[in-house]
Number of protein chains: 2
Amino acid sequence: MKILKTMPAADSFYMPAEFDRHSGCILIWPHRRDSWQNGGYAARRAFVRLCTLISDSEKVTVCARAQDYDEARRELPDNVRIVEMSSDDSWARDVAPTFVTNGKELRGIDWGFNAWGGLYNGLYFPWDQDNKLARKLCDIMDVDCYDLRHFILEGGSIHTDGEGTVITTEECLLSPGRNPELSRIQIEKMLSDTIGAKKVIWLPRGIYNDETDGHIDNICAFTSPTNVVLAWTDDENDPQYEISKECLDVLCASTDAKGRSITVHKLLQPSPVYVTEEDCRGLDCMDGEPTRVPGDRLAASYVNFYISNSTVIVPQFGDKNDAAAIETLSALFPTRKVVGLIAEDALLSRDILIGGGNIHCITQQIPDIIK
Amino acid sequence: MKILKTMPAADSFYMPAEFDRHSGCILIWPHRRDSWQNGGYAARRAFVRLCTLISDSEKVTVCARAQDYDEARRELPDNVRIVEMSSDDSWARDVAPTFVTNGKELRGIDWGFNAWGGLYNGLYFPWDQDNKLARKLCDIMDVDCYDLRHFILEGGSIHTDGEGTVITTEECLLSPGRNPELSRIQIEKMLSDTIGAKKVIWLPRGIYNDETDGHIDNICAFTSPTNVVLAWTDDENDPQYEISKECLDVLCASTDAKGRSITVHKLLQPSPVYVTEEDCRGLDCMDGEPTRVPGDRLAASYVNFYISNSTVIVPQFGDKNDAAAIETLSALFPTRKVVGLIAEDALLSRDILIGGGNIHCITQQIPDIIK
């Protein structure tokens, strides 16, 4: 593995869309006791089910800490590869490499990671093992790695159509906890130099109470060039309404990198999901402070799905809008099966949501370089 | 990765010879403070030089503990792959998988490992991370893995000509610290079922004072079918003389699996190498006891070389016999360059020898399945 100090775009590398073909997917076995209920045991079933679904059509690699390897190996199917890997938590979207390609070769980007805000408003300390994970994965995969550690970015804060359009949120990328020394224009330049953004569409804010400072991947996602889904509510009393309305206005007023207008497909949100006392009983404190308290509203969203080669895997919350989300996405992904993350009638998305994200947040695709 | 409960030979898999073509080689970054001088720092240069030489003609993978990854990455060349991996020590020959093939597919054998003798006469406790390493490497490599953990064996205790002949030592394989419940005939059966031995040649003992209970790879090795090198001394007062003479007698009286007689090429040993006070100053204790004391004789041997695709890398001790070892091996490996492990005139083998073995002990080849 070479550590590259050049910029991907200058080397003719770019980030493909998630709906382009993958060679694989990366996840991290859950373990953090103040993030995941019951020391991660509650979320395991969700991870196992998700890995099983994804591994139907792409090679899944799960990173497990040394002390978790044997358990992960016992729980996960044979065709899932497990690699020993230290981590502070389990959000592969944000800590695994963002992969770029020139159509012939794969390379990884090793962004700086500071637990969603560092000493300003980060969610845990320290985060050094998470920050080292991307580079070590590139090494295992034997692909060269761009050193972008001086630029703080999580994979969950960017979405691309693979054709030069990138959507993100101001709330996240302009947060004082990321790159406060960089202006909006400088950050756009960085997205251009790294993932190949020719046009950045800035949505103001992400999902209400999203502790990532409003990651784009929880509120809006490309389903194909010129088509996005947007988390939506018709309840004007819900603080989410104003947020989603602002996003809609921006999207409707925007064109993509190729000058095309964007079609917005609304995904009606589930009714608000709140933390319960039972939830909190399974969570350790962080530095002596609870990470959740009963009554906290969780950032539930159907937009937090994963697009595998054969399947789109969607959060389900036992809500009246569950079926509509599947239906809308089925129409938008005609070549893929769209399924909820369910095993034996159990709704598994909530076990991930308690951790602070959902299906998209715990996955990172590896593009297939053979087109 | 499937964990296989069958036997390799029954599945038509066998262990190729080390002089057959490799696709790669595995090593483990040194770290153990009671094995390696100065916390492993003294041996690093030897490991780096060895990896550099091997990586000229095969892909080198180095396992580094989480806390050592950054240093290993900084010291080793770009073309060496580093994977995070827990270990108790750094003897890849003995803890990495023994690879077997059917000519089309590669698989690993995960032997039981108990630190060369377990609670009987093992060299350290605990050894659980070493014991788990082979399986985890198979997982990273995405090759199926034979579960032979119920049978204690180190890779350094067997050599094969790849044509059904296996050489080993009674001192090691019949040691009460390995598989005391198994008879010699049952152990032969196991070598037949696993690596494809059709004929086992038992040498009585290994190198004098070899703390592995006399591993074969320090005293005798195939250089091609029907040809072996044997560590030798003409000094009848050296305890090594009687040991080598016994081995010579067995080899001269033996035929290989194909009924051919064996030609023995003597490699004159270096003069005895002793531990110094300076050596001991750099070594931690194990459970409060020193692992070396000044005056201990080390198990130095030229036989402990590694055969890469292009090069044979040989220990050198600054001894009058150094050149003869290179010369003898050069004649036996006409298609390979035979070199000493030297960097800028520094003899690096001693830094590995202090740890208790040499070049062969810290490497494990991965056969190339494309013949």
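On a predicted model such as this, the values are computed, not experimentally measured, just so you know.

**Looking at the relation of the copies chain A and chain B**
Between the two copies of the chain lies a rotation about an axis combined with a shift along it.
Here's step 1: For the pair chain A and chain B, the best superposition has an RMSD of 0.0 Å and corresponds to a rotation of 180 degrees with a translation of 0.0 Å parallel to the axis. Taken together, the turn and the small shift mark the pair as related by a two-fold rotation axis. Taking C-alpha positions as reference, the residue of chain A nearest the rotation axis is A:E84, located at 3.2 Å.
Here's step 2: A high fraction, 100%, of the interface residues of chain A reappear at the interface in chain B, so the copies pair face to face through one surface.

**Describing the side chain of A:R178**
Residue and element names in this part refer to chain A.
Here's step 1: Inspection of the secondary structure puts R178 in the loop between α6 (170-173) and α7 (184-195).
Here's step 2: According to the relative accessible area criterion, R178 is buried, its value standing at 6%.
Here's step 3: A distance of 2.7 Å separates the side chain of R178 from the side chain of E154, its partner in a polar contact.
Here's step 4: Polar contacts involving the side chain of R178 include one to the side chain of D213, which spans 2.6 Å.
Here's step 5: The contact partners of R178, leaving out residues within four places of it in the chain, are N114, W116, G117, I152, E154, C172, T212, D213 and H215.

**Structural notes on helix α10 (residues 322-332) of chain A**
Residues and elements named next belong to chain A.
Here's step 1: The set of residues buried in α10 consists of D322, A325, I326, L329 and L332. One side of α10 holds all its buried residues, which, seen down the axis, span an arc of 125 degrees. In α10, those exposed residues whose orientation departs by more than 90 degrees from the buried face are A323, E327 and A331.
Here's step 2: Among the structural elements, β11 (220-224), β12 (227-232), β13 (263-268), β19 (311-314) and β20 (337-340) are those in contact with the buried residues of α10.

**Quick look at the packing of aromatic side chains**
Here's step 1: Applying the stated rule across the entire model yields 20 aromatic pairs over all chains.
Here's step 2: Centre to centre, the rings of A:W232 and A:Y241 are 5.8 Å apart; their planes meet at 65 degrees, and the pair counts as edge-to-face.
Here's step 3: A:Y241 sits in the buried class, given a relative accessible area of 19%.
Here's step 4: Taken together through their ring pairs, the aromatic side chains of A:W36, A:F47 and A:W91 make up a single cluster.
Here's step 5: The residue whose ring lies beneath B:R32 is B:Y124, and the NZ or CZ to ring-centre distance is 4.0 Å.

**Considerations on the pattern of salt bridges**
Here's step 1: Tallying each qualifying case throughout the model produces 62 salt bridges over all chains.
Here's step 2: With its nearest N and O atoms 2.2 Å apart, the salt bridge here joins A:D70 to B:K132. Of the two residues, A:D70 is situated in helix α2 (residues 69-75) and B:K132 in helix α5 (residues 128-141); the pairing between them involves two chains.
Here's step 3: A residue is classified by how much of its surface remains accessible, and A:D70, at 34% relative accessible area, is partly exposed.

**Here's the deal with the interface of chain A and chain B**
Here's step 1: At the interface, 21 residues of chain A touch 21 residues of chain B.
Here's step 2: Both faces considered, chain A and chain B share a buried interface measuring about 2,000 Å² in area, 40% of it formed by carbon and sulfur atoms.
Here's step 3: It is A:Y69, A:E84 and A:D139 that lose the most area in chain A upon contact with chain B, and together they represent 28% of the buried surface on that side.
Here's step 4: There are 8 salt bridges connecting chain A and chain B.

Cut-offs and rules
Residues numbered from 1 in each chain as written. Chains lettered and ligands numbered in written order. Predicted model: local features only at pLDDT ≥ 70, side-chain atom pairs only at ≥ 80, totals over all residues. Heavy atoms only, no water. Least-squares fit on C-alpha atoms with pLDDT ≥ 70 in both. Contact = heavy atoms within 4.5 Å. Helix = DSSP H or I, 4+ residues; strand = E, 2+ residues; numbered from the N terminus. Buried < 20%, exposed > 50% of the residue type's maximum accessible area, 1.4 Å probe, protein only. Polar contact = N/O pair within 3.5 Å; in protein donor to acceptor, adjacent residues only side chain to side chain. Arc of directions from axis to C-beta. Phe/Tyr/Trp six-rings, centres within 6.5 Å; stacked < 30°, edge-to-face > 60°. Lys NZ or Arg CZ within 6 Å of the ring centre and 35° of its normal. Salt bridge = Lys/Arg side-chain N within 4 Å of Asp/Glu carboxyl O. Buried area = accessible area lost by both parts, 1.4 Å probe.

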